[in-house]
Amino acid sequence: MSIIRLRFRDINDQVLGDLEISKDVPIKELLPLILEQLNLAGSGNWQLVMDRVVDTQHSFTEAGARDGSVVQLVSVEAPAISLTREVQLTISSLDPQQEQAGQANHLQVRKQEIAAISRGLEQQRHVLIVGAPGIGKSHLIHYTRDHLVASGAGLYVDSFEPVETALQQIALILYQRRQLIGVRSQRDIKTMEQELSRQQPERLTTLVGDSLRGHNYVLMIDNLDTITLAGIAALQQLMRVTTVVAAARAESLDKLGAVLDRFDRVQLEPLPDDAIRAILWSLLDYDSIAKPRVFETKALEAAGGRPGVVVEMVAGYRRGQYFSPVWIALATAVLALAFYLASRALGAPVAYLIAAVLAIALLVARALLWKKMVRETS
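All chains use their own residue numbering, which begins from 1 and follows the written sequence. Two thresholds apply to this predicted model, a pLDDT of at least 70 for residue-level local features and 80 or more for giving and counting side-chain atom pairs, whereas whole-chain, interface and lining totals are computed over all residues. Hydrogens and water are ignored here; the side-chain numbers use all heavy atoms of the structure.

Peer 1: How should I be thinking about the overall build of the protein in this particular structure?
Peer 2: Under the DSSP-based scheme used, a helix requires at least four consecutive residues in state H or I and a strand at least two consecutive residues in state E, with every element numbered from the N terminus. For the protein, the helix and strand inventory stands at 13 helices and 10 strands. Within the protein, the proportion of its 378 residues that are buried is 47%. Considering only contacts in the protein between residues 6 or more positions apart, those separated by 24 or more positions represent 70%. Residue-level accessible areas treat just the shown protein chains as cover; the underlying method is Shrake-Rupley with a 1.4 Å probe. Looking at the protein as shown, the accessible area adds up to about 19000 Å², and 52% of this sits on carbon and sulfur atoms. Working definition: with a 1.4 Å probe on protein chains only, accessible area under 20% of the residue-type maximum means buried, over 50% means exposed, and in between means partly exposed. Contacts are assigned to residue pairs that have any heavy atoms within 4.5 Å of one another.

Peer 1: Can you walk me through the nonpolar core in this structure?
Peer 2: Side chains of a nonpolar character, in soluble globular proteins, are inclined to be buried together. What we call a nonpolar core is a set of buried Ala, Val, Leu, Ile, Met, Phe, Trp, Tyr and Cys residues that are connected through their side-chain atoms within 4.5 Å. With 40 residues, the main nonpolar core has Leu-128, Phe-160, Ile-221, Leu-224 and Leu-235 as its most contacted residues. Those elements giving two or more residues to this core turn out to be β6 (126-131), β7 (154-157), α5 (163-176), α6 (189-197), α7 (201-212), β8 (218-221), α8 (229-239) and β9 (243-249). If you tally residues by element for this core, the top one is α5, at nine residues. When residues no more than four places from it in sequence are discounted, the contact partners of Leu-128 are Leu-224, Ala-246, Ala-247, Ala-248, Leu-253, Leu-256, Leu-260, Phe-263, Asp-264, Arg-265 and Val-266. Ile-27, Leu-30, Leu-40 and Ala-65 belong to the second-largest nonpolar core, a separate cluster that totals 20 residues.

Peer 1: Whenever I open this one, the side chain of Arg-306 confuses me. Can you help?
Peer 2: Its location among the elements puts Arg-306 in the loop between α10 (292-303) and α11 (307-318). When charges are tallied, Lys and Arg are placed among the positive residues and Asp and Glu among the negative ones, while His and the ends of the chain are skipped. Every case where a carboxyl oxygen of Asp or Glu lies within 4 Å of a side-chain nitrogen of Lys or Arg is listed as a salt bridge. In this structure, Arg-306 is buried with no salt-bridge partner, the nearest side chain bearing the opposite charge being Glu-251 at 8.7 Å. Polar contact is the term for a pair of N or O atoms within 3.5 Å; when the atoms are in protein, one must be able to donate a hydrogen and the other to accept it, and sequence-neighboring residues count only if both atoms are side-chain atoms. At 2.8 Å, the side chain of Arg-306 and the backbone oxygen of Ala-303 are in polar contact.

Here it is as C-alpha cells:
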C-alpha cells in the first residue's frame, strides 16, 4: 500500500501540520481524517480540487495525484473567496531529510545574500531579491519568513496579482489576528471573506494600510513580476507603513516603475557546480541512477547554476519523465523477441529491424522529454 504525506498550509503559507495516509484508499474515507486534522469536522460541506473537483469515490492515485501535487480544500458554502487559499494540501513522497539536505546545501552558499536581507530588515528597509527563474528567489523568501522574521510579524502572499486577492488575503490574516481596523464585531471567516470580496481595491488598500500602521510587520511578496499598475499604486501605499521583502525576475524590473528605487536589491548569482552537484545527490540516490555521471553532467548543464531547476528536474525524474537507458535496453530486447516470435513468417531480420526502429523512437522520446523537462523548469 502506497503511503503519502499531506502537508497542510494556511492562507499565510504557514505549515499547519502533516498527515500520512494511503494513496490507494477512496478519498471519501480519508476526508474525515483530513477535516479532523484541521479541526473542521462537522463544519459544513467540503470538496477537494486539483485541476478540477476530485471525485471522492476515487483514491488519490486514481485522481492523478503525484509527488508535489497541490490539492485545495474548498468550502462549498463560501463561494466568494472560498477557503481555496486558506488550506492547501501538498502531496509528498519525498523524504523530508533529503529535502532539508537540499535546502541546506543551497543556503550554505547564500550566506552573503541572507546577511544582506537580515541587515535590510534590521534597518526596516525594503528588500528586493532579484534573479533568473529557478535561481532560488522563492526559497529565500520562504527562508526569510521562517527564520529571519520574528514569529507573528510576517505576512506572506505568493503574488500581488490580482491586487484585490492579495489585499483580501492580507486583510483576512489581520482580521484573524484581531488587528483589522474598522471591524466592530467578530464575524465568522466565511462572512468576513464575503465582506472583503465586496470591497474596492482602493478601500482595501486603505483598510490594510491603516491596520498595518504601527505594528512592525514585514510583508513578503513572491512573484512580484506579475504586478499591475493597480498593484503598484497599492504597494506604494503599503510601503509607507510596513517593510516589504519581495522577489522578482531581473528581466521584469521595469514593470515595478516608481517603487523600484525604494528597494535595496539582493542579486542572486548562479551557484557553483559543486553546490548544484551536492543538491542533486542529496535528493537522489546516486546508485539508483543508470550512468549517474552522464545524468549529473546533463543536470549541471541544464541547471546553469539554478538550484530550483535541479529540484524540478529531480521531481520530473521521480514522475518518470526521464527514461533510464537500462529500461530502454530491456524494452528493446523484449520488443525484439516479441516481434521475432510474432513475425517468423516475415523473417527474423525484419523483426529485428522493427525493434531497432522502436528503440530509436524510445531514445528520441527520452531526449525530447529531457528537453521538455528542462524547458519547463526554466
